[in-house]
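Residue-level structure breakdown
Chain by chain, the residues:
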Amino acid sequence: MDPVQGVSVAFLRPLAELLTKLGLDGPGFLARFGVDEQTAPNTYVPAADLDHALDVIAKERQDPAFAVTLAKLATARPLGLFGHLIWLSGTVGDALERAVKFWVVVSKRSTLVLEEHPGFITIRQVPAVAERGRILVEFPFASLAARARSATEGTFRLRDVRFRHAGESTPAYEELFGVPVHFGASDDAIDIAVEQLALPLVSSDPITSAALEAKIAQLTAAAPVDLFLDRVRRVAGDGSPAAIAKALGISERTLRRQLEQHGTTLRELADQTQRERADGLLAAGKTVKEVAFELGFSEPSAFSRAYKRWTGKAPSST
């Protein structure tokens, strides 16, 4: 799955917590996407599948403003690592700048852009793909409005809210956003008066915020993890293709096709996993002999040959 189409596990986990608050099966929701405790936060799940799952929940609940419902639940405390970083900032303006800068932690199928105009600014969601579900388009702006109002003790106000998809500005939307919501617009955006940017946040914590920013910067710098390949690597071991496919709950044919679409093979994934383990052990000060036997090689020389094939250099030179 191309990460550009994805939504991150760093967002999916706190979203599942919100679903649990609604009386739904949050852990089961994560399991549906193959996400467990070991899944890295910079792993991206197929956004179209997430759109569909949320649409089904909204329909079952008969809640056409489901994004608003989720945003209200998220007001009690920031949503995940990203939310904590944003709302521990000093002012509304600081929070918005961080949201734009680190949005990639949440999603790779859109970017946030901050545009300055006389007397106001615009925060715009620019899609990387044509089709996006309305819930995940509405939720970031709904959550921002609710959190900013709470963090400024009710002072924060929006100037305008617009979405490209069709809809109706019902009382649920207007109560949360504080202004009528325009659907069928030319963009997905909110406008905020310049004077709102200087509003201090009661949740401000500069020290913790700086520490979180450093942690999130590491996440954004790291290569995104593909959920399917991550799952294959974790169940592969020395298993046969049939055993691996069974562990993943798919057929061997589907396993082969997915690997081909990702441009890789089981052997390449196994080599990558072994190399990553070797690099970690060597960095921890293990000797070549210790690493060789820990990785299951019969002789240190066999490990050295494999490592040179993986990296082009001997393990002793790392």
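As the structure is a prediction and not an experimental result, all values here were calculated from the model. (Residues numbered from 1 in each chain as written. Predicted model: local features only at pLDDT ≥ 70, side-chain atom pairs only at ≥ 80, totals over all residues. Heavy atoms only, no water.)

1. Some details on the side chain of Asp160
The line we're drawing: Counting from the N terminus, the helices are DSSP H or I runs at least four residues long and the strands are E runs at least two residues long. Polar contacts here mean pairs of N or O atoms no more than 3.5 Å apart (in protein, one a potential hydrogen donor and the other a potential acceptor; neighbouring residues in sequence count only if both atoms are side-chain atoms). Residues are treated as being in contact if the distance between any of their heavy atoms lies within 4.5 Å.
Structurally, Asp160 can be placed in strand β5 (residues 160–162). In terms of polar contacts, Asp160 uses its side chain to reach the side chain of Arg162, at 2.8 Å. In contact with Asp160, other than residues within four places in its own chain, are Val179, His182, Ala189, Ile190 and Asp191.

2. Focus on the sheet that holds strand β4 (residues 120–127)
Defined as follows: Pairing between two strands requires that DSSP report at least two bridges joining them. Between N-to-C directions, angles cover 0 to 180 degrees, with each direction set by a line fitted to C-alpha atoms, over the stretch in contact for helices.
If you trace the 5 strands from one edge of the open sheet to the other, you get β3-β4-β7-β5-β6, paired in mixed fashion. Because the sheet does not close on itself, it has two edges, and the strands there are β3 (110–117) and β6 (181–182). With 8 bridges connecting them, β3 and β4 associate as antiparallel partners. Counted as the bridge partner of His117 is Phe120 from β4. Here helix α6 (residues 92–102) sits on the sheet in contact with β3, β4 and β7 (188–193), set at roughly 140° to β3.

3. Focus on the pattern of salt bridges
To keep things clear, this is the line we draw: What counts as a salt bridge is simple: a side-chain nitrogen of Lys or Arg found within 4 Å of a carboxyl oxygen of Asp or Glu. Each residue is placed in one exposure class: buried if its accessible area under a 1.4 Å probe, protein chains only, is under 20% of its type's maximum, exposed if it is over 50%, and partly exposed if it falls in between.
A full pass over the atoms with the stated rule returns 15 salt bridges. The salt bridge involving Arg134 is made with Glu138; its shortest N-O contact spans 2.9 Å. Here the residue Arg134 and the residue Glu138 both occupy positions in helix α7 (residues 134–151), the gap between them amounting to 4 residues, near one helical turn. Assessed through its relative accessible area of 26%, Arg134 is described here as partly exposed. Through salt bridges with shared partners, one network takes in Glu115, Arg124, Asp160, Arg162, Asp187 and Asp191.

4. Structural notes on the nonpolar core
Worth spelling out the cut-off: Put simply, a nonpolar core is a bunch of buried Ala, Val, Leu, Ile, Met, Phe, Trp, Tyr and Cys residues held in one set by side-chain atoms that sit within 4.5 Å of each other.
Leu12, Phe29, Leu50, Phe139 and Phe177 are the most contacted members of the largest nonpolar core, which has 70 residues in total. In terms of residue count, the dominant contributor to this core is α7 (11 residues). Ignoring anything within four residues of it in the chain, the contact list for Phe29 reads Leu12, Leu15, Ala16, Leu19, Leu50, Ala53, Leu54 and Ile57. Ala278, Val291, Phe297 and Tyr307 belong to the second-largest nonpolar core, a separate cluster that totals 12 residues.

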